[in-house]
Amino acid sequence: MGQEGMGYSSGKAGGGGAGALPMSAARARGASPLSSHHRSRKISRTFNNIKITVLCGLVTILVLRGTIGLNLSLPSHPSDADALAGAKAVEDIDRILREIRTDSDPADTDLDAATANPINATALSASEAVAAYAAAVGSYALGPKIHDWDEQRRRWLAQNRGFPATAPGGKPRILLVTGSQPGPCDNALGDHYLLKTTKNKIDYCRLHGIEIVHNLAHLDTELAGYWAKLPLLRRLMLSHPEVEWIWWMDSDALFTDMAFELPLARYDDRNLIIHGYQDLLFDKHSWIALNTGSFLFRNTQWSLDLLDAWAPMGPKGFIREEAGKILTAYLKGRPAFEADDQSALIYLLLSQKDKWMDKVFIENSYYLHGFWAGLVDKYEEMMENHHPGLGDERWPFVTHFVGCKPCGSYGDYPVERCLKSMERAFNFADNQVLRLYGFGHKGLESPKIKRIRSQTTRPINDKENLDVKAKMSNT
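Let us look at the structure shown here. (Residues numbered from 1 in each chain as written. Predicted model: local features only at pLDDT ≥ 70, side-chain atom pairs only at ≥ 80, totals over all residues. Heavy atoms only, no water.)

### A closer look at the overall build of the protein chain
- Regarding its fold elements, the protein chain presents 16 helices and 10 strands.
- Considering the protein chain as a whole, with its 475 residues, one finds that 45% of them fall into the buried category. (Helix = DSSP H or I, 4+ residues; strand = E, 2+ residues; numbered from the N terminus. Buried < 20%, exposed > 50% of the residue type's maximum accessible area, 1.4 Å probe, protein only.)

### Side note on the pairing of strand 2 (residues 211-215)
- Two strands pair when backbone bridges link them, and strand 1 (residues 174-179) and strand 2 are joined in this way by five bridges, in the parallel orientation. For Leu176, the partnering residue across the bridge sits in strand 2 and is Ile212.
- Handedness of the strand 1-helix 6 (residues 188-208)-strand 2 crossover: right-handed. (Pairing = 2+ DSSP bridges. Right-handed = clockwise from strand over helix to strand, strands pointing away.)

### Focus on the state of the cysteines
- Considering all chains together, one arrives at two disulfides under this definition.
- Each sulfur in the disulfide pair Cys185 and Cys407 lies 1.9 Å from the other. Given an S-S torsion of about -100°, the disulfide between Cys185 and Cys407 has left-handed geometry. Of the two residues, Cys185 is situated in the loop between strand 1 and helix 6 and Cys407 in the loop between strand 8 (398-400) and helix 14 (415-434); the sequence distance between them amounts to 222 residues. Cys407 shares its class with Cys185; the two are buried.
- Across the disulfide, Cys404 is cross-linked to Cys418 (sulfur-sulfur distance 2.1 Å). The sign of the S-S torsion, about -85°, decides the handedness of the disulfide formed by Cys404 and Cys418: left-handed. Note that Cys404 is positioned in the loop between strand 8 and helix 14 and Cys418 in helix 14, a separation of 14 residues in sequence. Neither residue differs from the other here; Cys404 and Cys418 are each classed as buried. (Disulfide = S-S within 2.5 Å.)

### Considerations on the packing of helix 10 (residues 318-330) against helix 11 (residues 341-351)
- Two numbers describe how helix 10 lies on helix 11: the axes approach to 10 Å, and their chain directions differ by 65°. In the crossing of helix 10 with helix 11, the sense of the turn from one axis to the other is left-handed. Of the residues in helix 11, those touching helix 10 at Ile326, Leu327 and Tyr330 are Ser343, Ala344, Tyr347, Leu350 and Ser351. (Axes fitted to C-alpha atoms, helices over the stretch in contact; angles between N-to-C directions. Left-handed = near helix turned anticlockwise from the far one by under 90°. Contact = heavy atoms within 4.5 Å.)

### Quick notes on the packing of helix 9 (residues 301-310) against helix 11
- Axis separation between helix 9 and helix 11 bottoms out at 10 Å; the angle between their running directions is 110°. Here helix 9 is positioned roughly perpendicular relative to helix 11, judged by the angle of their axes. In the crossing of helix 9 with helix 11, the sense of the turn from one axis to the other is right-handed. Contacts between helix 9 and helix 11 pair Leu306, Ala309 and Trp310 from the former with Asp341, Ala344, Leu345 and Leu348 from the latter. (Parallel < 35°, antiparallel > 145°, perpendicular 65-115°, else oblique.)

### So, the packing of aromatic side chains
- For the structure on display, the rule yields 24 aromatic pairs.
- With a centroid separation of 5.6 Å and 90° between ring planes, the pair formed by Phe295 and Phe297 is classed as edge-to-face. One exposure class covers both Phe295 and Phe297, and it is buried.
- An aromatic cluster is defined as three or more aromatic residues linked by ring pairs; in this entry it consists of Tyr204, Trp247, Phe255, Phe260, Tyr366 and Phe397.
- Geometry around Phe337 places Arg334 over its ring, the cationic atom sitting 3.9 Å from the centre.
- If you follow Lys353 out to its NZ or CZ, it ends over the ring of Phe282, 4.3 Å from the centre. (Phe/Tyr/Trp six-rings, centres within 6.5 Å; stacked < 30°, edge-to-face > 60°. Lys NZ or Arg CZ within 6 Å of the ring centre and 35° of its normal.)

### So, helix 9
- Of all 10 residues making up helix 9, seven are buried, and the element is well covered by its neighbours.
- Burial in helix 9 covers these residues: Gln301, Trp302, Ser303, Leu304, Leu306, Leu307 and Trp310.

### Some points on the side chain of Lys196
- Relative to the assigned elements, Lys196 resides in helix 6.
- What makes Lys196 buried here is its relative accessible area of 13%.
- Looking at Lys196, its side chain comes within polar contact range of the side chain of Glu423, at 2.8 Å.
- The residues touching Lys196, leaving out its near neighbours within four places in the chain, are Glu423 and Phe426. (Polar contact = N/O pair within 3.5 Å; in protein donor to acceptor, adjacent residues only side chain to side chain.)

### Some words on the nonpolar core
- Grouped together as the largest cluster of nonpolar side chains are 55 residues, with contacts concentrated most on Trp227, Phe297 and Trp310.
- For this core, the element with the most residues is helix 11, which contributes seven residues.
- Ranked by size, the runner-up nonpolar core spans 24 residues in total, among them Trp247, Leu264, Tyr267 and Phe361. (Core = buried A, V, L, I, M, F, W, Y, C linked by side-chain atoms within 4.5 Å.)

### Quick word on the sheet that holds strand 5 (residues 272-276)
- Spatially, six strands are ordered 2-1-3-6-5-7 in an open sheet, and the strand pairing comes out mixed. Where the open sheet ends on each side, the last strands, each with one partner, are strand 2 and strand 7 (360-363). Each neighbouring strand pair of the sheet contributes to a mean axis angle of 25°, computed without reference to strand direction.
- Each of strand 5, strand 6 (290-298) and strand 7 touches helix 9; the most contacted strand, strand 6, lies at about 145° to it.
- Its contacts with the sheet place helix 11 against strand 5, strand 6 and strand 7, and it is angled at close to 65° to strand 6.

### Regarding the side chain of Ser303
- Secondary-structure assignment places Ser303 in helix 9.
- For Ser303, a relative accessible area of 0% corresponds to the buried category.
- Not counting residues up to four positions away in its chain, the partners in contact with Ser303 are Met237, Asn271, Phe297 and Arg298.

### Here we look at the environment of His240
- Looking at where His240 falls in the secondary structure, it is placed in the loop between helix 7 (229-239) and strand 3 (245-249).
- On the accessibility criterion, His240 (25% relative accessible area) is partly exposed.
- Between the C-alpha atoms of His240 and Ala165, which are 75 residues apart in sequence, the distance is 9.7 Å.
- Look past the residues within four positions of His240 in its chain and what remains in contact with it is Leu175 and Asn299.

### Structural notes on the pattern of salt bridges
- If you walk through the whole model with that rule in mind, you get 24 salt bridges.
- Two residues, Glu261 and Lys171, come together in a salt bridge whose shortest N-O distance is 3.7 Å. Taken together, the residues Glu261 in the loop between strand 4 (253-255) and strand 5 and Lys171 in the loop between helix 5 (149-159) and strand 1 connect sequence positions 90 residues apart.
- Using a relative accessible area of 33% as the deciding quantity, one classes Lys171 as partly exposed.
- Across the pair Asp392 and Arg394 runs a salt bridge, and its minimum N-O distance is 2.8 Å.
- Residue Asp392 is classed as buried on the basis of its relative accessible area of 9%.
- Owing to a relative accessible area of 34%, Arg394 belongs among the partly exposed residues under this scheme.
- Here the salt bridges do not stand alone but share partners, grouping Lys145, Arg234, Asp305 and Asp308 into one network. (Salt bridge = Lys/Arg side-chain N within 4 Å of Asp/Glu carboxyl O.)

Here it is in structure tokens:
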């Protein structure tokens with residue numbers, strides 16, 4: 001799956017027929033523990049309660065002072081000034097108490113309601129767990145059900161001709177979407193390489209007339225982690241009817257062929273373009289048959305319907321844990337862990353093949369997703385023998401650092417190897433941009449640059465200077 005720098009057995013179960021499978025794995029060990037974020041909220045509430053206790057003590061002192069007096073030499077009734085001061089103090093304390101109570105996250109109420117009586121899977125039989133899971137899944141939705149999006153969009157485009165669904169040159173309008181966590185990375189180098197991967201995407205979009213969105217917000221707190229892309233994609237589709245294609249790319253994926261362009265004419269009758277392999281999907285039911293680190297959705301009712309069908313396995317907690325058992329039982333080679341978006345999509349396309357697959361294009365003629373470990377050490381060979389614009393194993397379109405997690409504190413590969421490889425991939429791509437201006441990196445592992453072309457007093461007379469693709473391809 002590889003979403004946003006995060007990572008993504010059992011044998012096959014059944015064919016590509018319909019329906020969810022019965023629970024066949026062991027039952028969960030209980031309700032999932034609170035996350036560190038939830039623990040921090042509890043600590044914050046504890047401190048707030050201490051503050052409230054102290055302030056209540058002050059109120060009590062003021063009340064006692066106003067009735068029996070703290071000093072026996074004082075009169076039993078306070079003066080007008082004392083009464084006013086006491087009233088002012090009580091008013092201030094009330095204000096402070098209100099502020100303390102509003103310091104908590106507005107979602108705390110919902111969180112408390114959700115966790116006050118969590119489903120305890122250990123107390124359920126297998127059949128009860130299946131029924132509880134089905135009920136929970138059935139109650140989740142990404143948003144209000146839309147049935148006529150194609151007609152709504154058609155009318156909008158007809159009424160707003162200043163926002164056509166085609167870009168200059170007649171190409172379909174594309175919106176590239178990526179994202180990263182709202183807070184800083186666990187290490188400074190993670191933030192540095194996140195900046196580089198973002199710069200890389202901006203460069204590609206600028207060269208090819210593509211709009212880009214980098215998101216930091218969790219639009220649905222239930223769909224965090226792997227699943228955060230789904231509510232974002234839905235919202236962008238509905239907010240940008242002028243966009244024909246929504247293209248998701250993980251933050252840990254880089255464009256490494258800056259001249260290659262998507263062959264969109266190939267997909268005229270398709271709505272989902274995703275990298276993968278037909279044999280791994282239909283013959284082996286492999287959990288890595290497709291990769292959701294880079295894929296395209298056409299802005300249609302079909303795509304909204306697929307998102308609605310895809311999302312219900314994603315809500316964190318009981319649903320995601322139980323769905324993970326189904327996916328591990330059904331998909332070959334999948335480890336036992338909570339449901340991820342990639343496995344869920346594969347399961348959906350297999351279990352409801354007749355409903356979805358006629359609009360899905362499984363692409364492998366070029367690297368819409370290219371696994372980094374088999375590519376980064378071959379860049380020099382590629383530069384010697386090939387040129388940009390090919391997009392396949394000779395010059396990969398996308399290099400995806402699945403399993404590296406540069407923004408996190410752990411990963412499936414050594415940090416040093418991942419960061420060195422990301423540096424090589426970035427510089428390999430950046431050379432193709434820099435040579436437009438007569439520069440290039442001194443080496444694929446060096447951020448330093450050198451001049452590679454002499455300057456001229458008449459640059460616009462040089463036809464090559466006006467042909468971006470030719471300049472990138474002239475290595």
